[in-house]
Amino acid sequence: MPLLYIDLIEGRAPDDVRGLLDAVHHSVVEAFGVPARDRYQVVRTHPAHEIVALDTGLGITRTAQQVIVHVVSRRRTRAMKEKFYELLAANLAHRCGVDPADLIVTITENGDEDWSFGHGQAQFLTGELQ
């Protein structure tokens, strides 16, 4: 936890996708202070015509290398979120060559009762997780 959905335009090599996932995870661990084994990522690839990601009037030009990250997480502070956005852009640029203009991030927050990590239990509620 958090759970990350990463949407990409198809065509990246498996090693490139793995490098991208590692960069995303590093950003989550550093910004949110989660343990290294707290890693839940789902990659979805799409033909280019299935992703339309304009710029909301900001003048941002995107390429076929765009990365859309949707984070589902317990509540995080504004400072943690801002740190995550900055780290993610920097890590993807440095490690994967992704232009920060090609990064879109959204965070959806939920509570402890909204998570089960297996065995039909709500581990945050049972006290198995904190």
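Our subject is the structure that appears above.
Anyway, here's the lowdown on the structure attached to this text. Fair warning: this is a prediction, and the values are worked out from it, not measured in the lab.

1. Some thoughts on the overall build of the chain
So, point 1. Looking only at helices and strands, the chain has 3 helices and 4 strands in total.
So, point 2. Listing the helices and strands of the chain from first to last along the sequence gives β-α-β-β-α-β-α.
So, point 3. The C-alpha atoms of the chain give 16 Å as radius of gyration, which agrees with the globular expectation for 130 residues (14 Å, within 12%).
So, point 4. For the chain, the spread of C-alpha atoms along the principal axes amounts to about 45 × 30 × 25 Å.
So, point 5. When the 130 residues of the chain are sorted by exposure, 38% land in the buried category.
So, point 6. At a minimum sequence separation of 6, the contacts of the chain that also span at least 24 residues come to 73%.
So, point 7. Within the structure as shown, the chain displays about 7,700 Å² of accessible surface, and the carbon and sulfur contribution to it stands at 52%.
So, point 8. Side-chain charges in the chain split into 13 positive and 18 negative, and the spacing between the mean points of these groups amounts to 4 Å.

2. A closer look at helix α2 (residues 78–96)
So, point 1. Taking 1.5 Å as the rise per residue, α2 with 19 residues should run 27 Å; its terminal C-alpha atoms sit 26 Å apart, in good agreement.
So, point 2. Regarding α2, the residues found buried are K81, F84, L87, L88, A89, N91 and L92.
So, point 3. After α2 finishes, the residue G97 shows a positive phi value of roughly 70 degrees.

3. Points about the nonpolar core
Nonpolar side chains in soluble globular proteins tend to be buried together.
So, point 1. Membership of the largest hydrophobic core comes to 23 residues, with the highest contact counts inside it found for L4, I6, F32, V67, V69, F84 and L92.
So, point 2. Among the elements that make up this core, the one with the highest residue count is helix α1 (residues 14–32) (8 residues).
So, point 3. Sequence-distant contacts of V69, defined by excluding residues within four places in its chain, comprise L4, Y5, I6, L88, L103, I104, V105 and T106.
So, point 4. Residues M1, V72, W115 and F124 belong to the second largest nonpolar core, which totals 5 residues.

4. Points about the environment of L3
So, point 1. Inspection of the secondary structure assignment puts L3 in strand β1 (residues 3–9).
So, point 2. Filtering out sequence-adjacent residues up to four positions away, L3 remains in contact with Y40, V42, H70, V71, V72 and W115.

5. Focus: the side chain of Q123
So, point 1. Tracing the chain through its elements places Q123 in helix α3 (residues 123–126).
So, point 2. Since its relative accessible area comes to 8%, Q123 is described here as buried.
So, point 3. Not counting chain neighbours up to four residues away, the residues in contact with Q123 comprise W115, S116, F117, G118, E128 and L129.

6. Some details on the packing of aromatic side chains
So, point 1. Following the criterion strictly, the structure yields 5 aromatic pairs and no others.
So, point 2. Geometrically, the ring pair formed by F84 and Y85 is tilted, given 6.4 Å between the ring centres and 50 degrees between the ring planes.
So, point 3. Its relative accessible area of 0% is what places F84 among the buried residues.
So, point 4. By relative accessible area, Y85 is classed as partly exposed at 34%.
So, point 5. Plain terms: the ring middles of F117 and F124 are 5.7 Å apart, the flat faces sit at 85 degrees to each other, and that makes the pair edge-to-face.

7. Topic: the side chain of D38
So, point 1. Relative to the helices and strands, D38 is located in the loop between α1 and β2 (40–46).
So, point 2. For the buried residue D38, which engages in no salt bridge, the nearest side chain bearing the opposite charge is R76, 5.9 Å off.
So, point 3. If we ignore the near neighbours within four places in the chain, the residues touching D38 are M1, P2 and H25.

Each value, and the rule that gives it
Residues numbered from 1 in each chain as written. Predicted model: local features only at pLDDT ≥ 70, side-chain atom pairs only at ≥ 80, totals over all residues. Heavy atoms only, no water. Helix = DSSP H or I, 4+ residues; strand = E, 2+ residues; numbered from the N terminus. Rg over C-alpha atoms; globule rule 2.2 N^0.38 Å. Buried < 20%, exposed > 50% of the residue type's maximum accessible area, 1.4 Å probe, protein only. Contact = heavy atoms within 4.5 Å. Areas by Shrake-Rupley, 256 points an atom, 1.4 Å probe, with all protein chains shown as cover. Lys, Arg positive; Asp, Glu negative; His and termini not counted. Charge placed at Lys NZ, Arg CZ, Asp CG, Glu CD. Expected span 1.5 Å × (residues − 1). Core = buried A, V, L, I, M, F, W, Y, C linked by side-chain atoms within 4.5 Å. Phe/Tyr/Trp six-rings, centres within 6.5 Å; stacked < 30°, edge-to-face > 60°. Salt bridge = Lys/Arg side-chain N within 4 Å of Asp/Glu carboxyl O.

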